8 protein chains.
Amino acid sequence: KRQGSPEVIFGEGKTSTQIIDISRAMITKKEDILVTRVNKEKVEEIRRELPEFQYHEIANLLFMKNTKDTVSSKGYIAIVCAGTSDLAVAEEAALTAEAYGIEVRRFYDVGVAGIHRLFAHIDEIRQATVSVVIAGMEGALPSVVGGLVSHPIIAVPTSVGYGANFQGLSALLTMLNSCASGISVVNIDNGFGGAYNAVLIHRLANNSK
Amino acid sequence: KRQGSPEVIFGEGKTSTQIIDISRAMITKKEDILVTRVNKEKVEEIRRELPEFQYHEIANLLFMKNTKDTVSSKGYIAIVCAGTSDLAVAEEAALTAEAYGIEVRRFYDVGVAGIHRLFAHIDEIRQATVSVVIAGMEGALPSVVGGLVSHPIIAVPTSVGYGANFQGLSALLTMLNSCASGISVVNIDNGFGGAYNAVLIHRLANNSK
Amino acid sequence: KRQGSPEVIFGEGKTSTQIIDISRAMITKKEDILVTRVNKEKVEEIRRELPEFQYHEIANLLFMKNTKDTVSSKGYIAIVCAGTSDLAVAEEAALTAEAYGIEVRRFYDVGVAGIHRLFAHIDEIRQATVSVVIAGMEGALPSVVGGLVSHPIIAVPTSVGYGANFQGLSALLTMLNSCASGISVVNIDNGFGGAYNAVLIHRLANNSK
Amino acid sequence: KRQGSPEVIFGEGKTSTQIIDISRAMITKKEDILVTRVNKEKVEEIRRELPEFQYHEIANLLFMKNTKDTVSSKGYIAIVCAGTSDLAVAEEAALTAEAYGIEVRRFYDVGVAGIHRLFAHIDEIRQATVSVVIAGMEGALPSVVGGLVSHPIIAVPTSVGYGANFQGLSALLTMLNSCASGISVVNIDNGFGGAYNAVLIHRLANNSK
Amino acid sequence: KRQGSPEVIFGEGKTSTQIIDISRAMITKKEDILVTRVNKEKVEEIRRELPEFQYHEIANLLFMKNTKDTVSSKGYIAIVCAGTSDLAVAEEAALTAEAYGIEVRRFYDVGVAGIHRLFAHIDEIRQATVSVVIAGMEGALPSVVGGLVSHPIIAVPTSVGYGANFQGLSALLTMLNSCASGISVVNIDNGFGGAYNAVLIHRLANNSK
Amino acid sequence: KRQGSPEVIFGEGKTSTQIIDISRAMITKKEDILVTRVNKEKVEEIRRELPEFQYHEIANLLFMKNTKDTVSSKGYIAIVCAGTSDLAVAEEAALTAEAYGIEVRRFYDVGVAGIHRLFAHIDEIRQATVSVVIAGMEGALPSVVGGLVSHPIIAVPTSVGYGANFQGLSALLTMLNSCASGISVVNIDNGFGGAYNAVLIHRLANNSK
Amino acid sequence: KRQGSPEVIFGEGKTSTQIIDISRAMITKKEDILVTRVNKEKVEEIRRELPEFQYHEIANLLFMKNTKDTVSSKGYIAIVCAGTSDLAVAEEAALTAEAYGIEVRRFYDVGVAGIHRLFAHIDEIRQATVSVVIAGMEGALPSVVGGLVSHPIIAVPTSVGYGANFQGLSALLTMLNSCASGISVVNIDNGFGGAYNAVLIHRLANNSK
Amino acid sequence: KRQGSPEVIFGEGKTSTQIIDISRAMITKKEDILVTRVNKEKVEEIRRELPEFQYHEIANLLFMKNTKDTVSSKGYIAIVCAGTSDLAVAEEAALTAEAYGIEVRRFYDVGVAGIHRLFAHIDEIRQATVSVVIAGMEGALPSVVGGLVSHPIIAVPTSVGYGANFQGLSALLTMLNSCASGISVVNIDNGFGGAYNAVLIHRLANNSK
Ligand SMILES: Nc1ncnc2c1ncn2[C@@H]1O[C@H](COP(=O)(O)O)[C@@H](O)[C@H]1O
Ligand SMILES: Nc1ncnc2c1ncn2[C@@H]1O[C@H](COP(=O)(O)O)[C@@H](O)[C@H]1O
Ligand SMILES: Nc1ncnc2c1ncn2[C@@H]1O[C@H](COP(=O)(O)O)[C@@H](O)[C@H]1O
Ligand SMILES: Nc1ncnc2c1ncn2[C@@H]1O[C@H](COP(=O)(O)O)[C@@H](O)[C@H]1O
Ligand SMILES: [Mg+2]
Ligand SMILES: [Mg+2]
Ligand SMILES: [Mg+2]
Ligand SMILES: [Mg+2]
Ligand SMILES: [Mg+2]
Ligand SMILES: [Mg+2]
Ligand SMILES: [Mg+2]
Ligand SMILES: [Mg+2]
């Protein structure tokens, strides 16, 4: 098992008991463990048995470090979103990338309706290896960021919004139809997937050294 | 009939003969005439009978001025779009507003993927009474403009694009879910309707003087 | 900050603590505050800390006036809907416009299935600067009103209904396809957005004096 | 075979030869024949063989009377629509009902955006046994008529319009969600079906004498 | 107010208090009252104040008879469905028709997958004035009944089923596309509407005597 | 290569040249060849080179027998549909099964709206090993047949119809939601696929001898 | 009643009392009983009265054996799925087939993203008479299995997943569009239906002996 | 302008004249030019003026090299698809990457229904920097490849197929819901976009040296 590569458990649709059992097997093998999409109730049951798990409530995510050394990589991944409502997905992305041992910089208040805030940070975003851009409602942020940076962008639509957002369909279609190049898209609310793709790209940029 | 208020004929689904007949009745009443959504073939047949019609090919639109004086209003309507592909809808909007006797300023190369071009013109857009913002594909432009100006925006989604644009659904949903305030939306490709709403608002701003 | 321009907080997806914190910052700056889409539980927690908030239960809305003088504008906005079921959205619209210091007249029993009630009020609606017309189920009201008045109409579809209303899609499509001109549309259940557009238009009509 | 009950051939997807063959069999049996959804090319081929067929171009419909006497029924069916664009469907309905030997009255210029024209005719519509109300775009007409008359209404959505009308889906959903009672709906563009239901009802009203 | 014509209150989205108030006004006017779509909790609160209401739990419906005489009409309406799962909608239809003073015959075990049961009753169904045919899942029953009877059929799709039934869309589309003539359709789960259309038709058949 | 197992070429999206080349390779290997979804133009070009191909126009299908002996199997597959409009798909199914050397019986006039015709043939359908049931519009036929036979049914929805059939979606959903057991479904208009599944089942029934 | 053919009760939308009553009638007739889609609460009430029912919690299924002898058939049905999340549907399928007296082999850890696990078992799957392949999310498993085995496959899409899985629509469409032949599809989450089709096919393979 | 970075013209919706004009401007600036989505007619008109353009018919693409030197990068991009039908999109991707000066390896016969062909090439695919995986119909290929390689995959759904593929929606949803990690998705038929993302990633892997 490669360092800085946690085993990932998709928590949704698994019982606490199942998660505990899988985790124990991994602890034996001394692997880092990342559990996504766990709710509060499950977390309590799991941590009663395995208190070593750190819980990140806002991202519904558990993490346990069982390897010793940290990986060191050059550069960072930018996690970009518009504000409080997309925070859960953004943090799922950010914490995932960190679990893989990569530096993350958060840009969490830069929506298209207040574009000056994006400009205030655009240079720091530009210097990232790759950006994960998260947006709900109209989902326009990746297009705007994509026009301003030249590295790859992983766009994550969220289900945030109401009415004609149709649970994230609106943001998903927006991102797929982006007229900026260099944008690819993952499933609605899939912060983990957005980050995982970014991790693969970040490693390529580093490994080739 | 109020000056600067052409009678409007929706050309789609009408035969040349029907359009000619309706037009003649209006000529008698000395009214300006605007015909939208006519194709080239119909135009030839119509102009053979009524050569006074000016034809705007890119917008599929015929116009005939039968009133003498021009209305004068203060200020202008901004018509904003990203480029060549949305031109037909943008010109339908622009020519409609002009048919109503209102000054129009065109900003036709200002998409979200090259946002600096938008910024180069933003001050002139800001000074308009109202903006009609047209976009296909991801339809993000009204959100960005909406965050930068404080007057009302009429957003017009277009069917331009392919694949997951689903004939304009993508741009429509984007605009309805805009997180910028002050944006309302008309039907896909409805340049006429976008302009008509802007005309009503522009007049309110003028009449009240 | 312009008078009669409350700072608006979108309550959905924010915790009471977040809302309280943002509100406090605004109180310091002596701004009026409008919080939309708060539920009863949050309201109790918020008002325990900030009892100055007035609560409008039917519209799920909190308002606090921190500026002294009132703006005075000529004319009024008409809020038009069919009855009890659309009341929540209609009141969100009405209270929003009032929070911006504009007179509102409510026409709340005028659906298309009993059109004489609409006619009884049509003259008073006609004299408004702009109308916000709210409808669920088949969403036909804006088309009918649009044919009878010559000012701009902001149409707000609601999710009221069942079965083939598909949570407001039915009313949304109806309004986008209206054959009356002068109608533009906002998101499903977006009473705030409907009113906000009307406020911008109403101000234009006044400012130009 | 009951008098005034033509045999009906659905022309779409049948070759001219097939239609001719079926028709000949019916002529032998001395039955009236109604062929719907035939296009011009087929019509020419069919009438070369069977010139007795009357062709109604606007409705894409062929009719041949082979029975002698006419049925006489009391009262009439109202066919109601908004204008030129829905004419094809309206005429399919009107001619169908007439083929069944029932008096039809046409009200073809009464859309919701110009509701005074509807009121000018409402008394005559009210006295019909049953109404077939046809509408495209936003499809609001049946709701308005339904609120004004107390007999049953068969609503026929049409595919007329563009953009977010989604080929008639918009009008279909509007009609299914009507808040007026006494309205039932048939398939998009199904003028025949609308009339056929009206015929059955009209006969019930007569037979019971 | 015509005898046998209850005032109808659509209970969904109304509070018990609102329903009680409207009912009291009607009691004063000596009108029969039908309340549809009330749940158990509301019913208890309403009947505490107005114990004269009869409650039909399976149909979520309240009825109160305040007129004296009964209307008598010839013939009956057939209410046809496949079984236990569609019972709520079927009973909403049946009880509505009865509230209008019309005889109803129930055929509640006659789905398409066991077609012999339908045949066992088909003669009695045939002799009805009009049928209300209710079906969920694939919604095929109206097509089959429509092929066997010659009176009008009002088809009511239900949301019964799961997966690709998409909350009733499947049954709705089936019914709209029926290749049997003489079928018209109302909204998903709209037992009331199905019956109301049938009542209008039944009366026509009787009045003309 | 097993006898009675033609190599299948999916003709859509292949040029005549490509089809000719693939066919020649198979002729060398002495394999039977079935080409589906070829249009008339391609057929002419192909048969100019390979006149041994038999062309079945109604099914858009080419077949060439290059093996000598015929397979013999007990029993037959029933191909069931409602009439002329579904013929193309039905014949694609029937000819496919025959190309695999299996006896086919065609029941082509047995729709749900004239159910007595189905009953006239039901015994012969029942004795088939397996049925392929094809239907467009409301797609109800498989449900009715499924309730009457006890062998497996492969249901094939077709795109035949208009309006709310949404190019076959209506029939597809109907079949997936069938309340009769023993029905499974293939893609819209996929006569080949329907038959291929039936062939596999028919062989199982024979091989086990 | 044929041996090994339980009477099946669809538990959803039935009360415990209804299920108990139907069951008692069957016990009298000495039939095996299979109840699908019952939840825990109902199960408790039912087993209080009828403790002979065996409950399979993961599959929400009750079974009672009232016949004596067991049917014996040659061969087995393969139930194939990717893992824990699809277990409920897979077990509904497996237990259904077993209730019909047929041997089942479970292959529950063989998703497309870890295809070596599928290969480890492919020979044993190949020797099954028929496979039921269950998959949620992207639903690709039946295509891959279909390319590797030559017997019929019944594909069961599940609603497992989130976001753009649209409650199983994604997996459903994938399976309907499979480019492997020999795959037919049942409703989303319909484990029972998948197994029932497999049972019919398995019997054909056996009966013909 | 960076070497190996052609200026890209989106040909759809542009006239030949527009494309010629833009191209001439670029020739002056000595830039490489890539024109996508041009059809045969336009190509003829363009090459009459600018015969230096190489035309790739299958990909509807024009390319002109105006820079001298070639970029050299280590490694290659894998372009993976199932066969003839997806060729147009695959070649748009391959030629785009080559226009950017990057080595491409084509794997064009490796669909999921014949998975051994994929395995025959998997080692060479694994050694690519990044893969662009193209699939229509059920779109399962990226999931399978994703489970076998550890570099990033850009998935391109195509509109190839018919019926329930809904013009590429089926493949799009499949790819978005992939249970393999490391897959991100671009618009339906967007071969250019798939390649462009791969180019950015490939450069990162090289630049970091
Ligand atoms: N391009 C257009 N799109 C939508 N509506 C239009 C358009 N052009 C005209 N209309 C509307 O159609 C009306 C005229 O319709 P008609 O009487 O059928 O010619 C006008 O008053 C406008 O409201
Ligand atoms: N279950 C129902 N579904 C649809 N419409 C109903 C239903 N029950 C009553 N209605 C309609 O709602 C009207 C009363 O609405 P309201 O005035 O809001 O109580 C009645 O006249 C009916 O037309
Ligand atoms: N009409 C059809 N519809 C769907 N799939 C088909 C059809 N005809 C052939 N096929 C499938 O396409 C395969 C051949 O595809 P190809 O190699 O592209 O010619 C056959 O083995 C069948 O599985
Ligand atoms: N086939 C394609 N699909 C989607 N986007 C494309 C395609 N070809 C080019 N583009 C994009 O379109 C831009 C050029 O657009 P334009 O300025 O309208 O020619 C390029 O920079 C690409 O980002
Ligand atoms: Mg970029
Ligand atoms: Mg603004
Ligand atoms: Mg108006
Ligand atoms: Mg009425
Ligand atoms: Mg009938
Ligand atoms: Mg059966
Ligand atoms: Mg196979
Ligand atoms: Mg991988």
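Data block above holds the structure.
Think of each chain on its own: its residues are numbered from 1, step by step along the sequence as written. As a convention, the first chain written is A and the first ligand written is 1, with the rest following in written order. Only residues with pLDDT of at least 70 get local features here, since the model is predicted, and only at 80 or more are side-chain atom pairs given and counted; chain-wide, interface and lining totals rely on the full set of residues. Excluding hydrogens and water, the side-chain values take into account all heavy atoms of the structure.

Trainee: Whenever I open this one, the overall build of chain A confuses me. Can you help?
Mentor: Helix and strand counts for chain A come out as seven helices and nine strands. Our radius of gyration is a C-alpha quantity, and the globule rule it is checked against amounts to 2.2 Å times the number of residues to the power 0.38. The C-alpha atoms of chain A give 17 Å as radius of gyration, which agrees with the globular expectation for 209 residues (17 Å, within 12%). In terms of overall dimensions, chain A has a C-alpha envelope of 50 × 45 × 25 Å along the principal axes. Two residues form a contact once any of their heavy atoms are found within 4.5 Å. Sequence-distant contacts, at least 24 apart, represent 68% of the contacts inside chain A between residues at least 6 apart. Surface accessibility in these figures is a Shrake-Rupley result with a 1.4 Å probe; residues are shielded only by whichever protein chains are displayed. Summing over all exposed atoms, chain A offers an accessible surface of approximately 7600 Å²; the carbon and sulfur share of this is 49%. Each charge sign in chain A was given a centre, from 20 positive and 22 negative side chains, and these centres are 7 Å apart. Numbering of helices and strands runs from the N terminus, with a helix taken as a DSSP run of H or I at least four residues long and a strand as a DSSP run of E at least two residues long. Only four residue types enter the charge count, namely Lys and Arg as positive and Asp and Glu as negative; His and the chain termini do not. Where a charge lies is defined by one atom per residue type, namely NZ (Lys), CZ (Arg), CG (Asp) and CD (Glu).

Trainee: Explain the coordination of the magnesium ion (ligand 5) here, please?
Mentor: Each pair of donors in an ideal octahedron of six around a metal sits at 90 or 180 degrees, and each pair in an ideal tetrahedron of four sits at 109.5 degrees. Coordinating N, O and S atoms are those within 2.8 Å of the metal (3.2 Å for Na, K and Ca), and as water is not part of the atoms, a site may appear to have fewer donors than expected. Within the protein, G146 of chain A (O) and V149 of chain A (O) serve as the donor atoms for the magnesium ion (ligand 5), at 2.1 to 2.4 Å. The buried label goes to any residue with under 20% of its type's maximum accessible area, the exposed label to any with over 50%, and the partly exposed label to all in between, with areas taken from a 1.4 Å probe on protein chains only. Judged by relative accessible area, which is 9%, V149 of chain A ranks as buried.

Trainee: Explain the pairing of strand β1 (residues 7–10) of chain B to me, please; I cannot follow it from the model alone.
Mentor: Residue and element names in this part refer to chain B. In short, DSSP must find at least two bridges between two strands for them to pair. Bridge count between β1 and strand β2 (residues 33–36): four bridges; the pairing is parallel. Residue pairing across strands places I9 opposite V35, the latter belonging to β2. As a crossover connection, the stretch from β1 through helix α1 (residues 16–28) into β2 is right-handed. Note on handedness: a crossover is taken as right-handed if, strands pointing away from the viewer, the path from the first strand over the helix to the second is clockwise.

Trainee: Help me understand the packing of helix α1 (residues 16–28) of chain E against helix α2 (residues 40–49) of chain E, please; the structure alone is not making it clear to me.
Mentor: Two numbers describe a pair of packed helices, the interaxial angle and the distance between the axes. Residue and element names in this part refer to chain E. It is at 9 Å that the axes of α1 and α2 come closest, and there the two elements cross at 40°. The angle between the axes of α1 and α2 places the two elements in the oblique class. The interaxial crossing formed by α1 with α2 has right-handed handedness. Listed contacts from α2 to S16, I19, I20 and R24 of α1 are K42, E45, I46 and E49. We call Asp, Glu, Lys and Arg charged. Ala, Val, Leu, Ile, Met, Phe, Trp, Tyr, Cys and Pro are nonpolar, and the rest, Gly among them, are polar. Here the contact of α1 with α2 is composed, by residue class, of three nonpolar, one polar and four charged. All axes are obtained by fitting lines to C-alpha atoms, using only the stretch in contact for helices, and the reported angles, taken between N-to-C directions, cover 0 to 180 degrees. Orientation labels follow simple angle bins: below 35 degrees gives roughly parallel, above 145 gives roughly antiparallel, 65 to 115 gives roughly perpendicular, and whatever is left gives oblique. The hand of a helix crossing depends on one turn: near helix anticlockwise from the far one by less than a right angle means left-handed, and clockwise means right-handed.

Trainee: Got a minute to help me understand the site of ligand 1 in this structure?
Mentor: What makes a residue near a molecule or strand is one non-hydrogen atom of that residue sitting within 4 Å of it. Around ligand 1, the neighbouring residues are V8, I9, F10, K14, T36, R37, E92, N190 and F192 of chain B, S181 of chain C together with Y162 of chain D. Near ligand 1, residues from chains B, C and D are present, making the site a shared one. Side-chain atoms alone can form a polar contact between residues adjacent in sequence; in general such a contact is a pair of N or O atoms within 3.5 Å, and within protein one must be able to donate a hydrogen while the other accepts it. With respect to ligand 1, the side chain of N190 of chain B contributes an N or O atom lying 3.2 Å from a nitrogen atom. Notes on ligand 1: free accessible area 500 Å², of which the protein chains cover 72%. A total of three residues in the shell around ligand 1 trace back to one element, the largest contributor, which is β1 of chain B. The residue makeup of the shell around ligand 1, split by class, is five nonpolar, three polar and three charged.

Trainee: Teacher, can you tell me more about the relation of the copies chain A and chain B here?
Mentor: Here the second copy of the chain follows from the first by a rotation about an axis and a shift along it. The fit set for superposing copies consists of C-alpha atoms from residues with pLDDT of at least 70 in both; the fit itself is least squares. Structural alignment of chain A on chain B gives an RMSD of 0.0 Å, achieved by rotating through 180° and translating 0.0 Å along the axis. Overall, the copies show the geometry of a two-fold rotation axis. Minimal C-alpha distance to the rotation axis in chain A is attained by A140 of chain A, lying at 2.6 Å. When you check the interface residues of chain A against chain B, 100% turn up at the interface there too, and the contact is symmetric in its surfaces.

Trainee: Where do I start with the packing of aromatic side chains in this structure?
Mentor: Where two aromatic rings form a pair, the distance of their centres and the angle of their planes describe that pair. Only centres within 6.5 Å qualify two rings of Phe, Tyr or Trp (six-membered ring in Trp) as a pair; their planes then separate them into stacked at under 30 degrees, edge-to-face at over 60, and tilted for everything else. Applying the stated criterion across every chain, the model contains 28 aromatic pairs over all chains. Aromatic pair Y100 of chain A and Y196 of chain A: ring centres 5.7 Å apart, planes at 80°, arrangement edge-to-face. You can see Y100 of chain A sitting in the loop between α3 (87–99) and β6 (103–107) and its partner Y196 of chain A sitting in helix α7 (residues 191–207), a full 96 residues away along the chain. Owing to a relative accessible area of 6%, Y100 of chain A belongs among the buried residues under this scheme. Ring pairs connect the aromatic residues Y100, F192 and Y196 of chain A, which therefore count as one cluster. Above the ring of Y162 of chain D, the side-chain terminus of R37 of chain B is found at 3.6 Å from the ring centroid. The rule for a charge over a ring is simple: NZ of Lys or CZ of Arg within 6 Å of the ring centre, and within 35 degrees of the ring normal.

Trainee: Mind showing me how you'd approach the site of ligand 4 here?
Mentor: Near ligand 4, the surroundings consist of S181 of chain A, Y162 of chain B together with V8, I9, F10, K14, T36, R37, E92, N190 and F192 of chain H. S181 of chain A places a side-chain nitrogen or oxygen 2.3 Å from an oxygen atom of ligand 4. Considered on its own, ligand 4 offers 500 Å² of accessible surface; in the complex 72% of this is hidden by protein. Considering every element that reaches the shell around ligand 4, the biggest residue donor is strand β1 (residues 7–10) of chain H, with three residues.

Trainee: What should I look at first to understand the coordination of the magnesium ion (ligand 6) in this one?
Mentor: In the first shell of the magnesium ion (ligand 6), the protein supplies G146 of chain B (O) and V149 of chain B (O), at 2.1 to 2.4 Å from the metal. The two residues G146 of chain B and V149 of chain B agree in class, both being buried.

Trainee: I'm lost on the packing of helix α6 (residues 169–176) of chain C against helix α6 (residues 169–176) of chain D in this one. Help?
Mentor: Packing of α6 of chain C against α6 of chain D brings their axes to within 9 Å, and their N-to-C directions diverge by 125°. For the element pair α6 of chain C / α6 of chain D, the angle class is oblique. α6 of chain D is crossed by α6 of chain C, and the crossing has left-handed handedness. Judged by residue contacts, L169, S170, L173 and T174 of chain C of α6 of chain C engage L169, S170, L173 and T174 of chain D from α6 of chain D. Class assignment for the residues of the contact of α6 of chain C with α6 of chain D results in four nonpolar, four polar and no charged.

The values are spatial; any link to function lies outside them.
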